[in-house]
Amino acid sequence: MSRGIALLLDYDNASRTTLVNRLHEWQWPVLATADARLMAHYLNDQRITICIANAALFTDLPSDLKIFTNKLSLHQKIVLAGGDPWLLMTLNAIWLACMIWLPYPVPHALLEAIVQPKPVSDDRGALAADHIEADSPCLFAIDPIQRRLYLGQREVRLSKDELTLLQYLYDANGRLCRYEELARLLYPSHYDEEEARHLLRGRMYYLQSKIERDPKNPEYLVCERGIGYQLRLPRQQSVANPQPQLLA
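Keep in mind it's a predicted model, so treat the numbers as computed, not measured.

Thresholds applied
Residues numbered from 1 in each chain as written. Predicted model: local features only at pLDDT ≥ 70, side-chain atom pairs only at ≥ 80, totals over all residues. Heavy atoms only, no water. Core = buried A, V, L, I, M, F, W, Y, C linked by side-chain atoms within 4.5 Å. Buried < 20%, exposed > 50% of the residue type's maximum accessible area, 1.4 Å probe, protein only. Helix = DSSP H or I, 4+ residues; strand = E, 2+ residues; numbered from the N terminus. Contact = heavy atoms within 4.5 Å. Salt bridge = Lys/Arg side-chain N within 4 Å of Asp/Glu carboxyl O. Phe/Tyr/Trp six-rings, centres within 6.5 Å; stacked < 30°, edge-to-face > 60°. Pairing = 2+ DSSP bridges. Axes fitted to C-alpha atoms, helices over the stretch in contact; angles between N-to-C directions. Left-handed = near helix turned anticlockwise from the far one by under 90°. Nonpolar A, V, L, I, M, F, W, Y, C, P; charged D, E, K, R; others polar. Expected span 1.5 Å × (residues − 1). Arc of directions from axis to C-beta. Polar contact = N/O pair within 3.5 Å; in protein donor to acceptor, adjacent residues only side chain to side chain.

Draft legend 1. Looking closely at the nonpolar core. L149 and L169 are the most contacted members of the largest nonpolar core, which has 27 residues in total. Those elements giving two or more residues to this core turn out to be strand 6 (140-143), strand 7 (148-151), helix 7 (160-171), helix 8 (179-186), helix 9 (193-211) and strand 11 (228-231). Discounting residues that sit within four places of it in the chain, L169 has contacts with G174, C177, L182, M204, L221, Y229, Q230 and L231. With 26 residues, the next largest nonpolar core counts L7, L31, L80 and A141 among its residues.

Shown next, in the form of C-alpha cells:
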C-alpha cells in the first residue's frame, strides 16, 4: 500500500508503544493516541494511509465503523484489531473493502504483510495518495524518535535543542512560557529575563524560520515581547479536541 503516516489507536500503553516501535522499524511515521474520538478527525488528513484501531475503544462498533469509513479516501485503510469479525458483515461491500480485521494483540507478521509496500499493477493508489485537499485539517504532530515535526503537508527536521523547546511548548498546551523557563531547558544555570531572552532569540528565530511561512509574522511560534513564547496550534485543534502526539 502507499506509504504515508500510520494512525494508531490503542488504550494499552505497552501494546501501543510496541507497535509504534515496530512501525518505526518499517520506516513508518506514526501518530498514536488512546482517544477514539480523534479518529474521524484525523482521517481527513490525506497523509494518513492506514489506521490501526483496537476495537475495544469503540462503544458501538458497527455504527462507529460506518461513520469512520465514510471519511476514508480510496488510498486509506482501517485495520480493526480484536472484537467480533462478523460485525464487519453489517457493513456494505464498499465499506468492507476498506477494512481489514486482525486479532488483538496484533500479530506483527500479519501487520507487516499489510503495511510493507508491495509492487502494484497500476498507479491508482499512488495517484490517490498524492492528491491532497487544500482545505484538509492541518496536522501538527511531533515524532521525537525521528526528530520530525509534521505540519500540514510539510515535514520539518528538528535539532535536539529545537525538539526540546518545541516539545516543552507543545506540552504547555497554549500557555505562555517565560524566557527564563525556556532557557533552563538548554542551559542549567540561572539567567535573568534579559540574559534568557538574548540566549533564546537566535535559536527561536531559526526555529520560526523552519516552521513559519512568514517568520516575521508567525502563526504558531509566537513571541510575547517582554514575557516569552507561546505555541499556538492550528485552528482545527482546541483544548476540547487536542491533537495526539507522535509517541516514542
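Alright, that's what it looks like, and here's the rest.
Draft legend 2. Molecular detail of the environment of L80. On the secondary structure map, L80 appears in strand 4 (residues 77-81). We classify L80 as buried; its relative accessible area is 1%. Separated by 24 residues in the primary sequence, L80 and A56 place their C-alpha atoms 9.8 Å from one another.

Draft legend 3. The arrangement of the pattern of salt bridges in detail. Under the criterion given, the structure shown has eight salt bridges. Between R148 and E155 there is a salt bridge, with its nearest N and O atoms 3.0 Å apart. Here R148 falls in the buried class, since its relative accessible area comes to 17%. Assessed through its relative accessible area of 44%, E155 is described here as partly exposed.

Draft legend 4. The arrangement of the packing of aromatic side chains in detail. Counted according to the given criterion, the structure contains two aromatic pairs. When the centroid spacing of 5.5 Å and the interplanar angle of 55° are considered together, the rings of F58 and F68 count as tilted. Here the residue F58 occupies a position in the loop between strand 3 (48-54) and helix 3 (61-69), and F68 occupies one in helix 3, the gap between them amounting to 10 residues. For the pair F58 and F68, one class covers both residues: buried.

Draft legend 5. A look at the environment of V79. Assignment of secondary structure puts V79 in strand 4. Look at V79 and you get buried, because its relative accessible area is 0%. Distance from V79 to L102, taken between C-alpha atoms, is 6.9 Å for residues 23 residues apart in sequence.

Draft legend 6. Structural view of the sheet that holds strand 9 (residues 177-178). Read from one edge to the other, the open sheet built from three strands follows the order 9-11-10, with strand pairing classed as antiparallel. The outermost strands of the open sheet, each flanked by one partner alone, are strand 9 and strand 10 (221-224).

Draft legend 7. View of the sheet that holds strand 2 (residues 30-33). Within the open sheet, the five strands sit side by side as 2-1-3-4-5. Their pairing is parallel. In this open sheet, the two strands that pair with only one neighbour each are strand 2 and strand 5 (99-102). Sheet twist, expressed as the mean angle between neighbouring strand axes with direction ignored, is 15°. Of the pairings in the sheet, the one linking strand 4 to strand 5 comprises four bridges and is parallel in character. Of the residues in strand 5, the one forming a bridge with I78 is M99.

Draft legend 8. Representation of the packing of helix 8 against helix 9 in the model. Look at helix 8 against helix 9: their axes get within 8 Å of each other, and the N-to-C directions meet at 65°. Pair helix 8 / helix 9 crosses with left-handed handedness. Across the interface between the two elements, Y179, E180, L182, A183 and L186 from helix 8 touch E193, A196, R197, L200 and R203 from helix 9. Among the residues making up the contact of helix 8 with helix 9, the classes are represented as six nonpolar, no polar and four charged.

Draft legend 9. Structural context of helix 1 (residues 13-25). Spanning 13 residues, helix 1 covers 18 Å between terminal C-alpha atoms, matching the ideal 18 Å at 1.5 Å per step. Turning to helix 1, its buried residues are S15, R16, L19, V20, L23 and H24. On an axial view of helix 1, the arc spanned by its buried residues comes to 165°, and they lie on one face. Residues of helix 1 that are exposed and angled more than 90 degrees away from the buried face: A14 and E25. The N-terminus of helix 1 is capped by D12, whose side-chain oxygen sits 3.2 Å from the backbone nitrogen of A14. Positioned one or two residues after helix 1, Q27 has a phi angle of 70°, which is positive.

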